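Secondary and tertiary structure notes
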Amino acid sequence: MRYTLRVFRYLRAYRGRIIQTMAFLVITTLLGLAPPRLIQGMVDTATRLGSRSVVALFGIGLLCIAIVSALFAAAQRYSMATIVHGLIYDIRNALYEQILHLPFGFHDQTPTGYLISRMTSDMEALSMFFGFGLGNIVGMVITFLGALIMLVAMSWQLALVALATVPFLAMTTLRSSNLLGPQFLGLRRQFARVTAQLQENFAGVRVVKAFAREQHEVIKFDRQLDDFMVRRLKLARVFMIYMPSMGFLTNLGMVLMLTYGGYAVITGSMSLGQLVASQGYMMMLTGPIRMIGWMVINAQRAEAAAEHLAEVLEHERLIADRLDAIDLGEVRGEIRFENVSFGYEEGAYVLHNCSLEVKPNETLAVMGATGSGKTSVINLIPRFYDVNEGRVLIDGHDVRDIKLASLRQHVGTIFQEAVLFSGTIAENIAYGRPDATQEEIERAAKMAQAHEFITRFPNGYQTHVGERGMTLSGGQRQRMTIARAMLLDPRILIMDDSTSSVDVETEYLIQQAMLEGMRGRTSVVIAHRLSTVKNADRIIVLDKGVIAEEGTHEELLALGGHYRQIYDTQLADQEEAG
Ligand code: DUT
Ligand code: MG
């Protein structure tokens, strides 16, 4: 229960409520012990005294208890629900916050489906455990002990007979929970796999359709689902044996006790009322025992869920503010790499000993073959990843000494892949500055050459774009992301220009948008377009993670190395076109 115990710290906030709930629970449970005793009195009065008024009194007593205990039970339930839902609410929030704060590196390696499972089914398991299991334990212990005391008080021999089947019952329930527990876990894991596959396929549904792989995916899914079903049925078989055995043992115990009690009544050592009452207590005795198995399974599920949660919640936020991190304030916009080496994985560097300097308002173009480390270089500037060796400095400050929020406010990023959220166009552009006015949004859109196409939509800036902006074209989406960065008006702009081919006019518009965007700020641009490259003050060419060449367009052309080759093969055609 190591991990589940850690969840208890979230319960601290509910101390008062818990005490209240427990009080209600104890009262309800104790009240539940009274009725058999009253029924006993009623039966004995009826059979021995024959007094109608006393029987009626007992009836009224029973009714009062029923009413009061119903009220307390209702209060207890509601009170319990507020704790459990509050607890789950708190954990879910903490989890979400943590997930969003975890660094790029974590998200690179964690499938989305996994995180969704953490947010949903693990929460469900915890809610079950804390909602039913934990509260019930207290009630069950009280009920069991109370019923036992009542039985012993009536007749210890009778209590012994009543207890005769309890060990077998306990054994059966524990045994079945040992069998069921792992099966439940397997079932949940399989369900997580099913969810993960769904998530991946829905996200990639366009690829599935484009390659006509629907049937293949259906079969793949069917296999997973089939596995799920097989596990389900296996569980059902265990239940098939286990539930009736429990029922049988319970009934057996009852028969033994009633038979013994029947004889006792005949010999006069016990009253009829006592026999009736003992039957009531007997049921209270077996109820909790039968629940143990279920509780164990619940606890196992909760433990597995809590372990998963701990994996995420206790994952170190490797990239986080230092205690003495600074706010940047006014930024000149100077970037320096000092002997930077970096790798995504331990011991496998993708950048080797890179040094470079970009002066305020300069534009640096980054070039190089695919996989040469271009994206990696620019990812280090807003500290999406930390360097392994060397330093990245902005205005002379190591980026690790700057508050992340401040850093990312001054470094605008345009990603290789244009990601939009479901919402309006205006909301998407204003993503980094939700307080922006319509005018500011439009100004940013104009800079990004997006204003025109946006106003051509019937709803203009209020046009809804679907999840990931699927209702826009690639070129439109790209200009949206440029507008988003423009609105931030960052001192430093980093841009991972995608190679996605667009028509000549859009191409021209994007070029304009980029040139516009780079004006008056420090820019580092991964360039594929001749216009961007020529416009840059300086160009670096990466080769397998090493800065192989550095200089202006003319200088590098004259050098006749990597750049010359890229120019000849990719850029020269654009001379006439562009
Ligand atoms: N790499 C990883 N993990 C990642 C991203 C990249 O190991 O999360 C590796 C792949 C590659 C190297 O780092 O060998 C450099 O990748 P980068 O994305 O920096 O290359 P690029 O120059 O931006 O390539 P492209 O032009 O295809 O975008
Ligand atoms: Mg890249």
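A short tour of the structure in this document, coming up. (Residues numbered from 1 in each chain as written. Chains lettered and ligands numbered in written order. Predicted model: local features only at pLDDT ≥ 70, side-chain atom pairs only at ≥ 80, totals over all residues. Heavy atoms only, no water.)

Tallied over the full model, the rule gives 22 salt bridges. For Arg-6, the salt bridge is made with Glu-314, and the minimal N-O distance between the two is 2.4 Å. Of this pair, Arg-6 sits in helix H1 (residues 2-7) while Glu-314 is found in the loop between helix H11 (272-313) and strand S1 (335-342), placing the two residues 308 residues apart along the sequence. A relative accessible area of 42% places Glu-314 in the partly exposed class. (Salt bridge = Lys/Arg side-chain N within 4 Å of Asp/Glu carboxyl O. Helix = DSSP H or I, 4+ residues; strand = E, 2+ residues; numbered from the N terminus. Buried < 20%, exposed > 50% of the residue type's maximum accessible area, 1.4 Å probe, protein only.)

Okay, the pairing of strand S10 (residues 522-526) next. Burial analysis of S10 places five of its five residues in the buried class, which makes it a mostly covered element. Every second residue of S10 is oriented toward a common face, with Thr-522, Val-524 and Ile-526 on one face and Ser-523 and Val-525 on the other, all of them buried. Pairing of strand S3 (residues 363-368) with S10, which is carried by four bridges, proceeds in the parallel orientation. Note that in S10 the partner of Val-366 across the bridge is Ile-526. Pairing between strand S9 (residues 492-496) and S10: five bridges, direction parallel. Residue pairing across strands places Ile-494 opposite Val-524, the latter belonging to S10. (Pairing = 2+ DSSP bridges.)

Now for the packing of helix H7 (residues 156-163) against helix H10 (residues 214-267). The axes of two packed helices give the description: the angle between them and the distance between them. Between H7 and H10, the least distance of the axes is 8 Å, while the angle of their chain directions is 155°. By the angle class used here, H7 and H10 are roughly antiparallel. Relative to H10, the crossing made by H7 is right-handed. Side by side, H7 and H10 meet where Gln-157, Leu-158, Val-161 and Ala-162 of the first sit next to Leu-256, Met-257, Tyr-260 and Gly-261 of the second. Its residues assigned to classes, the contact of H7 with H10 comprises six nonpolar, two polar and no charged. (Axes fitted to C-alpha atoms, helices over the stretch in contact; angles between N-to-C directions. Parallel < 35°, antiparallel > 145°, perpendicular 65-115°, else oblique. Left-handed = near helix turned anticlockwise from the far one by under 90°. Contact = heavy atoms within 4.5 Å. Nonpolar A, V, L, I, M, F, W, Y, C, P; charged D, E, K, R; others polar.)

Take the side chain of Arg-188 next. Position of Arg-188 relative to the elements: it lies in helix H8 (residues 166-203). Note on Arg-188: relative accessible area 17%, which makes it buried. Residues in contact with Arg-188, not counting those within four places in the same chain, are Ser-121, Asp-122, Ala-125, Arg-301, Ala-305 and His-308.

Take the sheet that holds strand S2 (residues 351-358) next. Here four strands make up an open sheet; going across it, the order is S2-S1-S4-S5 and the pairing antiparallel. The strands lining the two open edges of the sheet, one partner per strand, are S2 and strand S5 (397-398). Looking at chain direction, strand S4 (residues 389-394) and S5 are connected through two bridges and run antiparallel. Counted as the bridge partner of Leu-393 is Asp-398 from S5.

For the rest of this paragraph, the subject is the layout of surface pockets. Within this model, the second largest pocket holds a volume of roughly 580 Å³. Lining the second largest pocket are 22 residues, and of these Leu-25, Gln-76, Arg-77, Phe-132 and Asn-136 lie nearest its centre. A breakdown of the residues in the lining of the second largest pocket according to their chemical character gives nine nonpolar, 12 polar and one charged. (1 Å grid on protein atoms, 1.4 Å probe; cavity = no way out; pocket = protein on both sides within 12 Å on 5 of 7 lines; lining within 4 Å. Points joined across faces, edges and corners; volume = space filled by probe spheres on them.)

Another aspect to go through is the environment of Met-1. Of note, Met-1 is situated in the segment before H1. Given the relative accessible area of 46%, Met-1 is considered partly exposed. The spatial distance from the C-alpha of Met-1 to the C-alpha of Ala-306 is 9.0 Å, given a sequence separation of 305 residues. Those residues within four positions of Met-1 in sequence are excluded, and the remaining contacts are Phe-129, Ala-299 and Glu-303.

Residues in close proximity to ligand 1 include Asp-108, Tyr-344, Val-350, Ala-369, Thr-370, Gly-371, Ser-372, Gly-373, Lys-374, Thr-375, Ser-376 and Gln-416, which together make up its full environment. Between ligand 1 and Gly-371, the relevant distance is 2.8 Å, taken from an oxygen atom to a main-chain nitrogen or oxygen of the residue. Residue Ser-372 places a main-chain N or O atom 3.3 Å away from an oxygen atom belonging to ligand 1. The greatest single-element share of the shell around ligand 1, amounting to three residues, is contributed by helix H12 (residues 374-379). Per-class residue counts for the shell around ligand 1 are three nonpolar, seven polar and two charged. (Near = heavy atom within 4 Å. Polar contact = N/O pair within 3.5 Å; in protein donor to acceptor, adjacent residues only side chain to side chain.)

Time to look at helix H15 (residues 438-447). Among all positions of H15, only Ile-441, Ala-444 and Ala-445 are buried. End-on view of H15: buried residues confined to an arc of 100°, all on one side of the axis. More than 90 degrees from the buried face of H15, the exposed residues found are Glu-439 and Arg-443. Turning to H15, the residues buried within the fold contact helix H14 (425-429), helix H16 (451-456) and helix H17 (474-488). Positioned one or two residues after H15, Gln-449 has a phi angle of 60°, which is positive. (Arc of directions from axis to C-beta.)

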